[in-house]
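One-letter residues, chain by chain:
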Amino acid sequence: MTEVRVRFAPSPTGYLHIGGARTALYNWLWARQTSGKLILRIEDTDRERSTQASVQAIVDSMTWLGMDWDEGPGKDAGTGPYFQTERLAIYQTYVDKLIAAGAAYRCYCTKEDLDRARTEHKARTGSEQGFRYPGTCRQRTDAPAGKHVIRLKAPATGSTHWHDLIKGRIEIGNDTLQDSVLMRSDGIPLYNLGAAVDDISMGITLVARGDDHVINTPQQILIYQALGVALPQFAHMPMILAPTGEKLSKRHAAVSVMDYRDQGFLPDGVLNYLARLGWSHGDQEIFTRTELVEKFDWEHCGDTSARYDLKKFQHVQASHLRMLSAAELAKQVVPFLDKRGLTVAADDPRLLTAAPLVQPRATTFIDAADALDYFFREPPVMDEKAKTKFLTADRLAQLGVLASVVEGVSPFSREPLEAAVKSWLERDHLELKDVAQPARVALTGRSASPGLFEVMEVLGRATTLARLRLQA
RNA sequence: GGCCCCGUCGUCUAGCGGUUAGGACAUCGGCCUCUCACGUCGGUAACACGGGUUCAAGUCCCGUCGGGGUCACCA
């Protein structure tokens, strides 16, 4: 069996968004499951729009998500370079082969020639749509010096088909093809040439990409055939749509991978959500990274486009947050605490004790940091509404009593604290719910928090007493 | 408009000729309870429509409608 070689080939024209991340993910999962190779290739032939910052954003996003590549920027394994603009000589040799094979030709038509033909087409049909290059240079056999592009000599009859791993058999009539430009006059390849040549020269065995590329596949197959090389497998995955059903774009909130990092999402949560958006494994919803690698398959990739749903995303994310150990959560939440001006060590015992408390109450690290805030801020930020509602004059005296009740409890931990408070309540014919809210507000500054005794335990005796007495 | 892809609860999906059409998110209600969560129990909710094929169709075929993609010296 030959080694699986898949690739992720983004164009560096912006940040990595979740659609691209999913394409990368499926390729990465397949490479890891099969012990194959993932090649990261930067398709930067659009010099107008490609930027170094975008390359960095892609690399950073992939790295943050933990999707490592075996060959690509920073990892040359002999099939590089991995930036298309550094592979120009390679494209030229392939173009020569294509011309020699009669599958491509030089076209000397100018921009003006084409504009004229396009205008005529529009006048005749009433639309710019459906315009096709008239084939002016198709038959010329000379090769004069001068500005020219390279065009594909597309067959006019027959059809091109392939078996798509996701969509099944796809057949497209060659009469719908046109002699599209393969290489610009400046020697820079266009998408179809660059992709096909690189996939060939990099030994790609499976091309998995978004299904907006279905229409490009026949032209690439034609190139493979003209060159006499074996076809790779193809898998075209449906696109991710906005909640409204339209194409997901930068206009939609939070589609950049880096945004999720900044919002305190877990890479594994992002991967899980993205994996399930278009792929399934029976009824299972939550997958660890390892499970994803083990269970992913092309067979269960759906062929319907999926809508992005933040609510579900958050649920998956929260599930992963809860899977973290206290030490892991502590370590990862520290930078987010720092952003709030709270300097806490990852191994601070209070943090370690508090972590499991906030875990079921948070979706992201930002949430967790917020839920942890009052444990480390002195005095805690007081919610005025909560204060007005619960710290009423008739309740304040109870706070003082509560303070004296817990003062001597030892050890100062949840069970003994609860026992002491419960026996006091029983003695004075009070109910916990009568004193809990005022105490909670005094201790945390908020009307919602983890259990009172857990909070006291984390705060410790001195802080607990101080905060209760400050209000009493 | 041509070509290509697609159509199961609001959303993500299971289903691969015979199911009370299952799960998850969301939503609604109950339980738990010191608040908020978590958890848990239960409810509402789907096979786009019309023809076929078949003893039997969400599953196969055709059409209609609907959605998306694509028609560049972008990728």
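Residues numbered from 1 in each chain as written. Chains lettered and ligands numbered in written order. Predicted model: local features only at pLDDT ≥ 70, side-chain atom pairs only at ≥ 80, totals over all residues. Heavy atoms only, no water.

1. Brief notes about the protein's contact with RNA strand B
1) Next: Contacts to RNA strand B come from 61 residues, most closely from Thr45, Asp46, Arg184, Pro360 and Ser449.
2) Next: Take the atoms of RNA strand B that sit within 4 Å of the protein: sugar and phosphate atoms are 65% of them.
3) Next: Between a sugar or linking oxygen of RNA strand B and a side-chain N or O atom of Glu43, the distance comes to 3.1 Å.
4) Next: Asp283 places a side-chain nitrogen or oxygen 3.1 Å from a base nitrogen of RNA strand B.
5) Next: Secondary structure elements with two or more residues in the surface near RNA strand B: strand 6 (168-173), strand 11 (306-307), helix 10 (310-323), helix 17 (432-444) and helix 18 (452-471).
6) Next: With 5 residues, the single largest contributor to the surface near RNA strand B is helix 17.
7) Next: Taken together, the residues that form the surface near RNA strand B break down as 19 nonpolar, 20 polar and 22 charged. (Near = heavy atom within 4 Å. Polar contact = N/O pair within 3.5 Å; in protein donor to acceptor, adjacent residues only side chain to side chain. Helix = DSSP H or I, 4+ residues; strand = E, 2+ residues; numbered from the N terminus. Nonpolar A, V, L, I, M, F, W, Y, C, P; charged D, E, K, R; others polar.)

2. Brief notes about the pairing of strand 2 (residues 37-40)
1) Next: Of the pairings in the sheet, the one linking strand 1 (residues 5-8) to strand 2 comprises 4 bridges and is parallel in character. Among the inter-strand pairings, Phe8 is bridged to a residue of strand 2, identified as Leu40.
2) Next: Viewed along the sheet, the connection from strand 1 through helix 1 (residues 18-33) into strand 2 turns out right-handed. (Pairing = 2+ DSSP bridges. Right-handed = clockwise from strand over helix to strand, strands pointing away.)

3. Observations regarding the pattern of salt bridges
Any two side chains of opposite charge can pair, so long as their charged atoms come close to each other.
1) Next: By the definition in use, this model includes 31 salt bridges.
2) Next: Among the salt bridges present, the one from Arg340 reaches Asp370, with a minimum N-O distance of 3.0 Å. Separated by 30 residues along the polypeptide, Arg340 in the loop between helix 11 (326-339) and helix 12 (349-358) and Asp370 in helix 13 (residues 365-376) bring together distant segments of the chain.
3) Next: The partly exposed category is assigned to Arg340, whose relative accessible area is 30%.
4) Next: Between Glu457 and Arg414 there is a salt bridge, with the nearest N and O atoms lying 2.8 Å from each other. Of this pair, Glu457 sits in helix 18 while Arg414 sits in helix 16 (residues 414-427), and the two are 43 residues apart along the sequence.
5) Next: Using a relative accessible area of 22% as the deciding quantity, one classes Glu457 as partly exposed.
6) Next: Of the residues examined, Arg414 reaches a relative accessible area of 23% and is grouped as partly exposed. (Salt bridge = Lys/Arg side-chain N within 4 Å of Asp/Glu carboxyl O. Buried < 20%, exposed > 50% of the residue type's maximum accessible area, 1.4 Å probe, protein only.)

4. What to know about the sheet that holds strand 7 (residues 181-183)
1) Next: Strand order in the open sheet made by the 3 strands is 3-4-7, with antiparallel pairing throughout. Only two strands of the sheet have a single neighbouring strand rather than two, namely strand 3 (104-107) and strand 7. Each adjacent strand pair in this sheet contributes to an overall mean axis angle of 45°, direction not counted.
2) Next: Relative to strand 4 (residues 149-152), strand 3 is paired through 4 bridges, and the arrangement is antiparallel. Within strand 4, the residue paired with Arg106 across the bridge is Ile150. (Axes fitted to C-alpha atoms, helices over the stretch in contact; angles between N-to-C directions.)

5. What about the packing of helix 12 against helix 13?
1) Next: At their nearest, the axes of helix 12 and helix 13 sit 10 Å apart, and the two run at 135° to each other. Here helix 13 runs oblique to helix 12, going by the angle between their axes. The handedness of the crossing between helix 12 and helix 13 comes out as right-handed. Judged by residue contacts, Arg350, Leu351, Ala354 and Val358 of helix 12 engage Ala368, Ala371, Leu372, Phe375 and Phe376 from helix 13. (Parallel < 35°, antiparallel > 145°, perpendicular 65-115°, else oblique. Left-handed = near helix turned anticlockwise from the far one by under 90°. Contact = heavy atoms within 4.5 Å.)

6. What about the side chain of Glu43?
1) Next: Of note, Glu43 is situated in the loop between strand 2 and helix 2 (52-65).
2) Next: At 3.4 Å, the side chain of Glu43 forms a polar contact with the side chain of Gln84.
3) Next: For Glu43, the residues in contact, after removing those within four places along its chain, are Ala9, Pro10, Ser11, Pro12, Gln84, Tyr191 and Ala195.

7. Some points on the packing of aromatic side chains
1) Next: If you walk through the whole model with that rule in mind, you get 16 aromatic pairs.
2) Next: Measuring from centroid to centroid gives 4.9 Å for Tyr26 and Phe296, while their planes differ by 50°, and the two rings are tilted. Residue Tyr26 is located in helix 1, and its partner Phe296 is located in the loop between helix 9 (289-295) and strand 11; the two are separated by 270 residues in the primary sequence. This pair shows no difference in class: Tyr26 is buried, exactly as Phe296 is. (Phe/Tyr/Trp six-rings, centres within 6.5 Å; stacked < 30°, edge-to-face > 60°.)

8. Thoughts on the confidence of the model for chain A
1) Next: Within chain A, residue pLDDT values average 95, and 99% of them lie at 70 or more.
2) Next: Scored as a complex, the prediction yields pTM 0.95 and ipTM 0.96. (pLDDT = per-residue confidence, 0-100.)

9. Observations concerning the environment of His429
1) Next: Secondary-structure assignment places His429 in the loop between helix 16 and helix 17.
2) Next: With relative accessibility at 72%, the residue His429 sits in the exposed group.
3) Next: Taking the C-alpha atoms as reference, His429 lies 89 Å from Arg132; in sequence the two are 297 residues apart.

10. Some words on the pairing of strand 6
For a regular strand, side-chain orientation follows a simple rule: the groups alternate between the two sheet faces.
1) Next: Alignment of strand 5 (residues 159-164) against strand 6, held across 6 bridges, turns out to be antiparallel. Counted as the bridge partner of Trp162 is Ile170 from strand 6.
2) Next: Between strand 5 and strand 6, which pair antiparallel one after the other, the connecting turn spans 3 residues.

11. Considering the side chain of Asp348
1) Next: Inspection of the secondary structure assignment puts Asp348 in the loop between helix 11 and helix 12.
2) Next: Within the structure, the side chain of Asp348 is placed 2.8 Å from the backbone nitrogen of Arg350, a separation counted as a polar contact.

12. With respect to helix 3 (residues 88-100)
1) Next: Taking 1.5 Å per residue, 13 residues should reach 18 Å; helix 3 reaches 19 Å between its end C-alpha atoms and fits that length.
2) Next: Residues of helix 3 that are buried include every one of Tyr91, Tyr94, Val95 and Leu98, and no others. Angular distribution of buried residues about the axis of helix 3 spans 105°; they occupy a single face of the element. When the buried face of helix 3 is taken as reference, the exposed residues oriented beyond 90 degrees from it are Ala89 and Ala100. (Expected span 1.5 Å × (residues − 1). Arc of directions from axis to C-beta.)

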